[in-house]
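Remarks on the overall topology
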Amino acid sequence: MTPSSPFRNTFDCLWCGAAWTTRGPDDLEGWAQLCSTCLGKAGDNPFLRGRLRSAIEARAAGGRTATVPPTTPVATAPARRRAPLPSPAATTFPDDWFLRRGDFARGALHDTAWEAELDVVTRWLDAQPLAGRIEEPAAGIGFFTPLIADKGEVHASDPDGAALDRARERLVAHRLRAHLHVADPWVVPSRGGEPGADGVLAAFLLGRVRGAGLDIAAASLLERLRPAGRLASIELLPDPAGGPPEGIAWTWHDPGVVDAALRRAGFRGIDRTPTGRFFTLVAAEAG
């Protein structure tokens with residue numbers, strides 16, 4: 001569905017998920033589809049800042065703004081190579097996990113720390129020099145996809161078509177575009193002789209493999225990239241209050257082991273940034 005106006009009187013906040021009802025058509029909350037609390041954080045968060053800017057412009061134009069057609073999950077291109085990994089990324093991380101709601105709430109102390117570090121992750125990703133063709137295997141619900149969708153031509157994939165539907169909704173809400181494909185994250189698409197991607201975002205992907213699978217996974221990520229292409233990786237640190245949703249097989253890799261696997265695959269300039277308790281961020285370049 002492509003709405004004629006971005007204003008909504010009632011909605012679930014696009015950032016925190018809280019139900020919200022506006023007082024009238026002049027409320028910025030309705031144009032941004034953000035609750036007042038999240039709107040107040042816009043100065044510190046690129047997601048929220050972009051929504052606020054668009055909301056102001058849309059309200060000033062009376063809703064006569066360009067709309068973004070929804071993208072539709074489609075079948076992936078024929079595979080060039082399949083990595084026989086023992087633990088594929090088949091289960092998505094839900095919105096509630098990212099937002100620490102419901103079963104994923106861990107108490108005010110832990111959840112506040114989580115939210116602060118997640119903001120560090122989004123700022124780090126927003127600052128990454130990704131451009132051109134950007135691939136995001138195992139994109140899931142597309143929590144990070146809007147941050148890269150305005151940097152280049154994004155091709156996001158996931159085995160879960162329902163998760164990609166949520167990613168599509170998120171992109172449409174941000175008036176952004178991306179190509180969404182139902183695909184195994186370890187299948188490198190055939191390019192017909194064309195060069196690889198300029199950038200790859202791998203979020204919570206390497207923790208899904210174990211043992212020798214880590215070398216295969218690193219090689220798979222390299223194969224997606226052209227020479228000098230950029231990798232941005234987001235992974236979890238082993239904190240009891242963090243961790244993946246229950247039921248997802250996970251391996252806590254020592255950072256040095258991951259960096260060594262990336263070097264063996266052919267990555268260089270590996271730059272690792274821990275956020276504190278919950279996340280570790282890696283930027284690297286394809287050799």
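This text gives an overview of the structure that appears in the document. Source: prediction; values computed, not measured. (Residues numbered from 1 in each chain as written. Predicted model: local features only at pLDDT ≥ 70, side-chain atom pairs only at ≥ 80, totals over all residues. Heavy atoms only, no water.)

**Some points on the pairing of strand S6 (residues 152–158)**
Where we set the bar: Under the scheme applied here, a residue whose accessible area is under 20% of the maximum for its type counts as buried, over 50% as exposed, and between as partly exposed, the area being computed with a 1.4 Å probe on protein chains only. A run of H or I in DSSP becomes a helix once it reaches four residues, and a run of E becomes a strand once it reaches two; helices and strands are each numbered from the N terminus. A strand pair is defined by DSSP finding two or more bridges across the two strands.
Taken across its 7 residues, S6 has 5 buried, putting it largely inside the fold. Across 5 bridges, strand S5 (residues 132–136) lies against S6 in parallel orientation. The residue bridging Gly132 from the neighbouring strand is Gly152, located in S6. With 4 bridges connecting them, S6 and strand S7 (residues 179–182) associate as parallel partners.

**Remarks on helix H8 (residues 213–224)**
Because an α-helix completes one turn every 3.6 residues, residues spaced three or four positions apart along the sequence face the same direction. Short version of the rule: Helix span is expected to be 1.5 Å times the residue number reduced by one.
The end-to-end C-alpha separation of H8 is 17 Å, in line with the 16 Å expected for 12 residues at 1.5 Å each. Among all positions in H8, only Gly213, Leu214, Ala217, Ala218, Ser220, Leu221, Leu222 and Arg224 are buried.

**Some thoughts on the pattern of salt bridges**
Stated precisely, the cut-off is as follows: One speaks of a salt bridge when a side-chain nitrogen belonging to Lys or Arg is within 4 Å of a carboxyl oxygen belonging to Asp or Glu.
The final tally for this structure, using the stated rule, is 13 salt bridges. A salt bridge links Arg166 to Asp95; the nearest nitrogen and oxygen atoms lie 2.8 Å apart. With Arg166 in helix H7 (residues 161–173) and Asp95 in helix H4 (residues 95–99), this residue pair connects regions lying 71 residues apart in the sequence. Residue classification places Arg166 among the partly exposed residues on the basis of a relative accessible area of 23%. Residue class for Asp95 comes out buried when judged on its relative accessible area of 14%. With a shortest N-O distance of 2.6 Å, Arg224 and Glu135 are connected by a salt bridge. Separated by 89 residues along the polypeptide, Arg224 in helix H8 and Glu135 in strand S5 bring together distant segments of the chain. As far as burial versus exposure is concerned, Arg224 and Glu135 are alike and both buried.

**Description of the environment of Asp198**
What counts, and what does not: Note on contacts: a residue pair qualifies if any of its non-hydrogen atoms lie within 4.5 Å across the two residues.
In this fold, Asp198 is placed in strand S9 (residues 197–203). Accessibility expressed as a relative area gives 24% for Asp198, which makes it partly exposed. When the C-alpha atoms of Asp198 and Leu130 are compared, they prove to be 7.3 Å apart, with 68 residues separating the residues in sequence. Every residue in contact with Asp198, bar those within four places of it in the chain, is listed here: Ala131, Gly132, Arg133, Leu225, Arg226, Gly229 and Arg230.

**A short note on the nonpolar core**
Our working rule: Here, the term nonpolar core denotes a set of buried Ala, Val, Leu, Ile, Met, Phe, Trp, Tyr and Cys residues that are joined through side-chain atoms within 4.5 Å.
Ranked by size, the top nonpolar core spans 54 residues in total, and within it Phe98, Leu125, Phe144, Phe204, Ile234 and Phe279 carry the most contacts. With 5 residues, helix H5 (residues 108–127) is the single largest residue contributor to this core. Setting aside chain neighbours within four positions, we find Phe279 in contact with Trp114, Glu117, Leu118, Val121, Phe204, Ile234, Glu235, Leu236, Leu237, Thr273 and Pro274.

**Digging into the environment of Asp26**
If you trace the backbone, Asp26 turns up in the loop between strand S2 (19–21) and helix H1 (28–32). Residue classification places Asp26 among the exposed residues on the basis of a relative accessible area of 59%. When the C-alpha positions of Asp26 and Ala60 are compared, they lie 9.6 Å apart, and in sequence the two are 34 residues distant.

**With respect to the side chain of Asp184**
Stated formally: Counting of polar contacts relies on pairs of N or O atoms within 3.5 Å, with two restrictions inside protein: one atom must be capable of donating a hydrogen and the other of accepting it, and residues adjacent in sequence are counted only when both atoms are side-chain atoms.
Residue placement: Asp184 occurs in the loop between S7 and strand S8 (187–189). Overall, Asp184 belongs to the buried group, its relative accessible area being 18%. Looking at Asp184, its side chain comes within polar contact range of the main-chain nitrogen of Trp186, at 2.7 Å.

**Digging into H5**
Just so we agree on the cut-off: Directions drawn from the helix axis to the C-beta atoms are what define this arc.
If you check H5, its first and last C-alpha atoms are 29 Å apart, about what 20 residues at 1.5 Å a residue would give, namely 28 Å. Turning to H5, its buried residues are Asp111, Trp114, Glu117, Leu118, Val121, Thr122, Trp124 and Leu125. For H5, the angular spread of the buried residues around the axis is 160 degrees, confining them to a single face. More than 90 degrees from the buried face of H5, the exposed residues found are Ala108, Leu109, Thr112 and Ala127.

**Observations regarding the packing of aromatic side chains**
Rules: Between 30 and 60 degrees the pair is tilted, below 30 it is stacked and above 60 it is edge-to-face, where a pair is any two Phe, Tyr or Trp rings, Trp via its six-membered ring, whose centres lie within 6.5 Å.
On inspection of all chains with the given rule, the structure shows 17 aromatic pairs. Aromatic side chains Trp114 and Phe278 sit 5.2 Å apart centroid to centroid with 65 degrees between the ring planes, which places their arrangement in the edge-to-face category. Taken together, the residues span a long stretch of sequence, with Trp114 in helix H5 and Phe278 in the loop between strand S11 (267–274) and strand S12 (279–286) at a distance of 164 residues. The exposure class assigned to Trp114 is buried, which follows from its relative accessible area of 0%. Ring geometry for Phe143 and Phe144: centres 5.4 Å apart, planes at 90 degrees, overall edge-to-face.

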